[in-house]
Amino acid sequence: MKIENLPEKYEKIWKKALPILKKGRPGDDVHAKETVKLVLSYQGNIKHDKDVIIPVAMMHDIGHALLLPEHFAYVTGPKKIVNAKLVHMLAGAKIAKDILDSVGYDKKKTKEVVDIITINDFDQLKDVEWKKVYDTPNKKFFHDMDALADIRKRE
Ligand SMILES: [Fe+2]
């Protein structure tokens, strides 16, 4: 699955992320691609760092590849859904870190990418003031791009 007009510097990341995304939930690969395309096509004035946002767009849901439906049998108790979401975000952060390290990505940007992936689904958690969690321009920008790409997915 190719992403049209993807700058060369992100190709290596996509090549490594795509096979893992395909092991996740159905449509995770298409959603990742859609989110990247939205970010690439953004023409407005809201400041954001594409070197952070593009890898996040590619890999924010990649943790689902490790968290398969059968794992839910082992997650019990009242916080089952919350725990599963936290696990997927942390698993995703670890996978993203490994991929970015393996392609020699900038350390500072890697740290920010990983940070955003660990909190990307906080808006779906009850009892979390998620608007306060998305406290940097990159976090806010990514959150809204992700939400927009999600609307497209469900059309
Ligand atoms: Fe998403």
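What you see is a predicted model; the values in this text were computed from it and never measured.

Looking at the overall build of the protein
Thinking step 1. Assigned secondary structure in the protein consists of 7 helices and 0 strands.
Thinking step 2. Counting helices and strands in the order they occur from the N terminus, the protein gives α-α-α-α-α-α-α.
Thinking step 3. A compact globule built from 155 residues would reach a C-alpha radius of gyration of about 15 Å, and the protein, at 15 Å, matches this within 12%.
Thinking step 4. Along the first, second and third principal axes, the C-alpha set of the protein runs to 45 × 35 × 30 Å.
Thinking step 5. For the protein, with 155 residues in total, the buried portion stands at 44%.
Thinking step 6. Summed over all atoms, the accessible surface of the protein reaches about 9000 Å², with 58% contributed by carbon and sulfur.
Thinking step 7. Computed over 29 positive and 24 negative side-chain charges, the inter-centroid distance for the protein is 2 Å.

Regarding the pattern of salt bridges
Thinking step 1. Counted according to the given criterion, the structure contains 15 salt bridges.
Thinking step 2. As a salt-bridge pair, Asp 51 and Lys 9 come within 3.0 Å of each other at their nearest N and O atoms. With Asp 51 in helix α3 (residues 50-59) and Lys 9 in helix α1 (residues 8-21), this pair connects stretches of sequence that are 42 residues apart.

Brief notes about unusual backbone geometry
Thinking step 1. Non-glycine residue Asn 5 carries a positive phi angle of around 60 degrees.
Thinking step 2. Of note, Asn 5 is situated in the segment before α1.

Thresholds, definitions, all that
- Residues numbered from 1 in each chain as written.
- Predicted model: local features only at pLDDT ≥ 70, side-chain atom pairs only at ≥ 80, totals over all residues.
- Heavy atoms only, no water.
- Helix = DSSP H or I, 4+ residues; strand = E, 2+ residues; numbered from the N terminus.
- Rg over C-alpha atoms; globule rule 2.2 N^0.38 Å.
- Buried < 20%, exposed > 50% of the residue type's maximum accessible area, 1.4 Å probe, protein only.
- Areas by Shrake-Rupley, 256 points an atom, 1.4 Å probe, with all protein chains shown as cover.
- Lys, Arg positive; Asp, Glu negative; His and termini not counted.
- Charge placed at Lys NZ, Arg CZ, Asp CG, Glu CD.
- Salt bridge = Lys/Arg side-chain N within 4 Å of Asp/Glu carboxyl O.

Scope: geometric values only; no functional claims are made or implied.
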